[in-house]
Amino acid sequence: MKTLIILPTYNEIENIPSIIPAVMEVLPSDGAILVVDDGSPDGTAQAVKKLQEHLSQRLFLLERTQKLGLADAYINGFKWGMTKGFDILCEMDADFSHKPEYLPKMFEAIKSYDFVIGSRNVKGGAVEGWSVLRRLISKGGSLYSRIVLGCPIKDLTGGFNMWRKETLEKIALDSIISKGFSFQIEMKYKAYQAGCSVQEIPIVFPDRTEGTSKMNSSIFMEAITAVWKIRNAH
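Reading the values: rules and limits
- Residues numbered from 1 in each chain as written.
- Predicted model: local features only at pLDDT ≥ 70, side-chain atom pairs only at ≥ 80, totals over all residues.
- Heavy atoms only, no water.
- Helix = DSSP H or I, 4+ residues; strand = E, 2+ residues; numbered from the N terminus.
- Contact = heavy atoms within 4.5 Å.
- Polar contact = N/O pair within 3.5 Å; in protein donor to acceptor, adjacent residues only side chain to side chain.
- Core = buried A, V, L, I, M, F, W, Y, C linked by side-chain atoms within 4.5 Å.
- Buried < 20%, exposed > 50% of the residue type's maximum accessible area, 1.4 Å probe, protein only.
- Disulfide = S-S within 2.5 Å.

Some points on the environment of S40
Mapped onto the secondary structure, S40 falls in the loop between strand 2 (32-37) and helix 2 (44-55). Separated by 34 residues in the primary sequence, S40 and I6 have C-alpha atoms spaced 16 Å apart. With near-sequence residues (within four places) excluded, S40 lies in contact with T9, Y10 and N11. A polar atom in the side chain of S40 sits 2.7 Å from the backbone nitrogen of N11. Within polar-contact distance, the side chain of S40 engages the side chain of D37 at 2.5 Å.

This is the structure in structure tokens:
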């Protein structure tokens, strides 16, 4: 099964030259990486192009002229990968908070499940370097979403997710209403509603060491209010 790792980026110049080789080390020989860059002013796209000189058949770049958001980046990445014949499509952060070392376990699990989650909230999963407040917001957000949506998935808000092409087709990407981080909740909820099977693989999620985090409490709170819109829409 051909696998595509999708890395959305905005100002990831500190991480992109390292994350791409690290992912390549564990990718199957027919696997590839797609970077979706939202017009980073720090030269992220240029760094990807330099790496393409040596990885031209396995490293691809979608350049956008402005910051269009996480949901739009992933949906465009999914559609690009599906039209190029990829069977497995994986969401992954470019800042090493999603460790490439977990990918082989996810590759194995996706053989038996419709989608696989790198989960912070199952036994063996954890976060590192987070403040108490950020932990409470994240855990509380997932729990709240599970209750409102009646969905048993433990890490609804996490962004380290692997999907079969057929699962994405069942979700119907054009029907997604979320624009921000609630996109992760909506994708998993729709897959659950469609009867798709899921496996949550425990991961340890460290805070980024390079670059600036895009996550803050207002983003989490926005995702929480969006849960009701997601429930009413689907």
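What about the side chain of T157?
Topologically, T157 is positioned in the loop between helix 5 (132-149) and strand 7 (161-164). For T157, the side chain forms a polar contact with the side chain of R120, separated by 3.0 Å. Of note is the side chain of T157, whose polar atom sits 3.2 Å from the side chain of S142. With near-sequence residues (within four places) excluded, T157 lies in contact with R120, S138, G141, S142, Q184, I185 and K188.

Looking at the nonpolar core
One finds L4, F78, W163, L168, F183 and M187 to be the most contacted residues of the largest nonpolar core, which totals 35 residues. Elements that contribute at least two residues to this core include exactly strand 1 (3-9), strand 2, helix 3 (70-83), strand 5 (115-119), helix 5, helix 6 (165-171), helix 7 (182-193) and helix 8 (217-233). Residue contacts for L4: discarding those within four places in its chain leaves A32, I33, L34, G77, W80, G81, F86, I88, L89 and C90. I19, V48, L51 and Y102 belong to the second-largest nonpolar core, a separate cluster that totals 32 residues.

Some points on the state of the cysteines
What the rule picks out here adds up to 0 disulfides. The thiol of C151 is not disulfide-bonded; the next cysteine sulfur, from C196, is found 11 Å away. Exposure remark for C151: the relative accessible area of 3% places this residue in the buried category. Overall, C196 belongs to the buried group, its relative accessible area being 8%.

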